[in-house]
Amino acid sequence: MYTNKNFIKLITVTIMFMFILSGCGGPKPDAVVTSFLTALQETDYETASTYIAETNSDEQESESFDLEFEDEMQKQLLNSIMKNIQFENVVTESTESEKASVKVSLTTLDCVTIINNVMSQAMGLAFSYAFSDTTDQEGIEKMTETLLANAFSSPDAPKTQKDITINLTKTNNGWKIIADESLMDGLTGGLLSAFSAF
């Protein structure tokens, strides 16, 4: 038979147990990173955005992951990049109370090489138009877009591999990824760092 004292002890132990479980609950940092990268591979940007922190631990804005495409070409190029992401060796390097870092080996399209190749081809087209009787700027732009689309979607597109560290922050909703420049650069095969001088 329970007395009031035993009942209070039972309730107290139950509540403490619930707090312990809630503190240990939720996906671990490496699972969050895996889910995020999988969503990107599937071009499910809405789901991917749920793994991104609104602000990082220094209260600076994370890079926005709300995608609004200006045209179908942008969407097609980004989809080609994301579908080609391959990842392995997702390992949590460190976890503190509010911060974590996860190392991952990423293989992505080598966007820098692809764009350099396409620009070389586009320059050749521009020169050939320059020495002809007609200069069709719109035609050159369309041909460049076609070259880009073909280059990014080609099964023979060059790829690059890099180990990156993805930083996370603990929020009320669990671990969230800090979408910093390093992450964006890794996902795009070094595109941001290559063109940061321009």
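All figures in this text were calculated on a predicted structure; none of them were measured in a lab. (Residues numbered from 1 in each chain as written. Predicted model: local features only at pLDDT ≥ 70, side-chain atom pairs only at ≥ 80, totals over all residues. Heavy atoms only, no water.)

Engineer: Looking at this structure, I do not really get the packing of helix α4 (residues 72–83) against helix α6 (residues 137–153). What am I missing?
Structural biologist: Packed helix pairs are specified by the crossing angle of their axes together with the interaxial distance, meaning the distance between the axes. The geometry of α4 relative to α6 is characterised by a closest axis approach of 9 Å and an angle of 20 degrees between their N-to-C directions. By the angle between their directions, the pair α4 and α6 is classed as roughly parallel. In terms of crossing hand, the pair formed by α4 and α6 is left-handed. Contacts between α4 and α6 involve Met73, Gln76, Leu77, Ser80 and Ile81 on the former and, on the latter, Glu145, Leu148, Ala149, Phe152 and Ser153. (Axes fitted to C-alpha atoms, helices over the stretch in contact; angles between N-to-C directions. Helix = DSSP H or I, 4+ residues; strand = E, 2+ residues; numbered from the N terminus. Parallel < 35°, antiparallel > 145°, perpendicular 65-115°, else oblique. Left-handed = near helix turned anticlockwise from the far one by under 90°. Contact = heavy atoms within 4.5 Å.)

Engineer: Quick question: what am I supposed to make of the confidence of the model for the protein chain here?
Structural biologist: Regions with low pLDDT should not have their predicted coordinates read in detail. With 76% of its residues at a pLDDT of 70 or more, the protein chain has an overall mean of 80. Confidence, read as mean pLDDT per element, is least for helix α1 (residues 4–24) in the protein chain (45) and greatest for helix α2 (residues 29–41) (95). Per-residue pLDDT stays below 50 along residues 7–23; that stretch engages in two contacts with residues further than four places along the chain or on separate chains. (pLDDT = per-residue confidence, 0-100.)

Engineer: I would appreciate a short explanation of the environment of asparagine 84 in the present structure.
Structural biologist: Tracing the sequence through the fold places asparagine 84 in the loop between α4 and β1 (86–95). Taking the C-alpha atoms as reference points, asparagine 84 and glutamine 41, 43 residues apart in sequence, are found 6.9 Å from one another. If we skip the residues at most four places from it in the chain, asparagine 84 touches Thr107, Thr108, Leu109, Phe152 and Lys159.

Engineer: What is the right way to read unusual backbone geometry from this model?
Structural biologist: Note: most peptide bonds trans; most residues except glycine with negative phi. One non-glycine residue, threonine 43, lies in positive phi territory at about 50 degrees. By secondary structure assignment, the location of threonine 43 is in the loop between α2 and α3 (45–49).

Engineer: Help me understand the sheet that holds strand β3 (residues 159–171) in this model?
Structural biologist: Paired through their backbone hydrogen bonds, the strands of a sheet run either parallel or antiparallel. Reading across from one edge, β1-β2-β3-β4 is the order of the four strands in this open sheet, with antiparallel pairing throughout. Edge positions in the sheet fall to β1 and β4 (174–177), since each of these pairs with one other strand and no more. With strand direction ignored, the average angle separating the axes of adjacent strands in the sheet is 30 degrees. Where β3 and β4 come together, four bridges link them in antiparallel fashion. The partner of leucine 168 across the bridge, within β4, is isoleucine 177. (Pairing = 2+ DSSP bridges.)

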